[in-house]
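# What the coordinates show
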Amino acid sequence: SDINYFKRFFVMEEKKNDLIIGRNAVSEALRSERAIDTLLVAKGERSGSMGKIIGECREKGIVVKEVDRKKLDFMCGGSSHQGVAAYAAAHEYADVDDIFAAAEAKGEKPFIIVCDEVEDPHNLGAIIRSADAAGAHGVIIPKRRNATLSYVVGKTSAGAVEYVPVARVPNLPSLLDELKERGVWIYDMDGQSWCETDFTGGVALVIGSEGKGLGRLVKEKCDFIVSLPMKGKVNSLNASVAAGILMFEVSRQR
């Protein structure tokens, strides 16, 4: 139908806003230090300058993914991609230390949002927007199986990506251990009532994925499990809505 056609068109247009296509364009983006989320390489493609591009991305900690050439053709909308494309980030990623520095600069205990495989970019954008409004010092996401700082995330955040540091880490369980060593308590949303929980210390609020919730290893690292009372027929809230409610309770207590 015409409606489905236009839906597909606008989804592809949003994706194309993120996409840097072709070897020269990707090489120039890397040379100019542009923030890049992910490098997409056609399976088996290693000729010419490709090895250098892949090596440079790995050196910079950029995720490299091999994809089927037909899929890459589709993603690039028929443009000549020469076996490579890259997703640009809407903003530079921060370091975890930057988030602690932001808290220290305000004379506040750390207030951090951790996303565990939140895959919907609209949810991540909304979480970053709420984090800014509630006074959180930063957001941490995993490098894989999570939405990244894409064009859609930047747009949904209503510009909050410019003000909220977002760090990207390879291993969330290790990250949670590091946060604990730095005096931060870890909270997950699946237990005692939120109104009975003390959020006045250093806080890392962990938001699980839309479908599966928290991964087992991440859940085991949490110090507190909190919940929102549900009075309706549906037994859960959208991830970004639940996150926003909890963020403002942390803000209220502090």
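As a starting point, this report considers the structure included with it. None of these values were measured; they are calculated from a predicted model.

Thresholds applied
- Residue positions are given per chain, counting from 1 as you read along its sequence in written order.
- Predicted model: local features are reported for residues with pLDDT of at least 70 only, side-chain atom pairs are reported and counted for 80 or more only, and whole-chain, interface and lining totals are derived from all residues.
- Heavy atoms throughout the structure, all of them, feed into the side-chain values; hydrogens and water do not.
- A pair of aromatic rings is counted whenever rings of Phe, Tyr or Trp (Trp by its six-membered ring) have centres within 6.5 Å, and the orientation is called stacked for planes under 30 degrees apart, edge-to-face for over 60 and tilted otherwise.
- Secondary structure elements are taken from DSSP: a helix is a run of H or I of four residues or more, a strand is a run of E of two residues or more, and numbering for both begins at the N terminus.
- Counted as over-ring charges are cases with an Arg CZ or a Lys NZ within 6 Å of the ring centre that also lie within 35 degrees of the ring normal.
- Salt bridges are counted wherever a side-chain nitrogen of Lys or Arg sits within 4 Å of a carboxyl oxygen of Asp or Glu.
- Throughout this description, buried means an accessible area under 20% of the type-specific maximum (1.4 Å probe, protein chains only), exposed means over 50%, and partly exposed covers the range between.
- Remark: nonpolar core denotes a set of buried residues (Ala, Val, Leu, Ile, Met, Phe, Trp, Tyr, Cys) joined through side-chain atoms within 4.5 Å.

## So, the packing of aromatic side chains
- Evaluation of the coordinates by the stated rule reveals three aromatic pairs.
- Aromatic pair Tyr187 and Phe224: ring centres 4.9 Å apart, planes at 15°, arrangement stacked. Here Phe224 lies in strand E10 (residues 224-227) and Tyr187 lies in strand E8 (residues 184-193), a separation of 37 residues in the sequence.
- Positioned above the aromatic ring of Phe100 is the side chain of Arg182, whose terminal nitrogen or guanidinium carbon lies 3.9 Å from the ring centre.

## Observations regarding the pattern of salt bridges
- Summed over the entire model, instances satisfying the criterion amount to twelve salt bridges.
- Close ionic contact of Glu28 with Arg31 constitutes a salt bridge, the shortest N to O distance being 2.3 Å. Within this pair, Glu28 and its partner Arg31 are both found in helix H2 (residues 23-31), separated by three residues, close to a single helical turn.
- When its relative accessible area of 53% is taken as the criterion, Arg31 is described as exposed.

## Thoughts on the nonpolar core
- Formed by 35 residues in total, the largest nonpolar core has its most connected members in Phe111, Ile113, Ile127, Ile128, Val139, Ile207 and Met247.
- For this core, the elements supplying multiple residues, two or more each, are strand E5 (111-115), helix H6 (121-134), strand E6 (138-142), strand E9 (202-207) and helix H10 (239-253).
- For this core, the element with the highest residue contribution is H10, accounting for six residues.
- In terms of nonpolar packing, the next biggest core, distinct from the first, is built from 19 residues, Val96, Leu179, Ala204 and Leu214 among them.

Any link to function would need more than the numbers given here.
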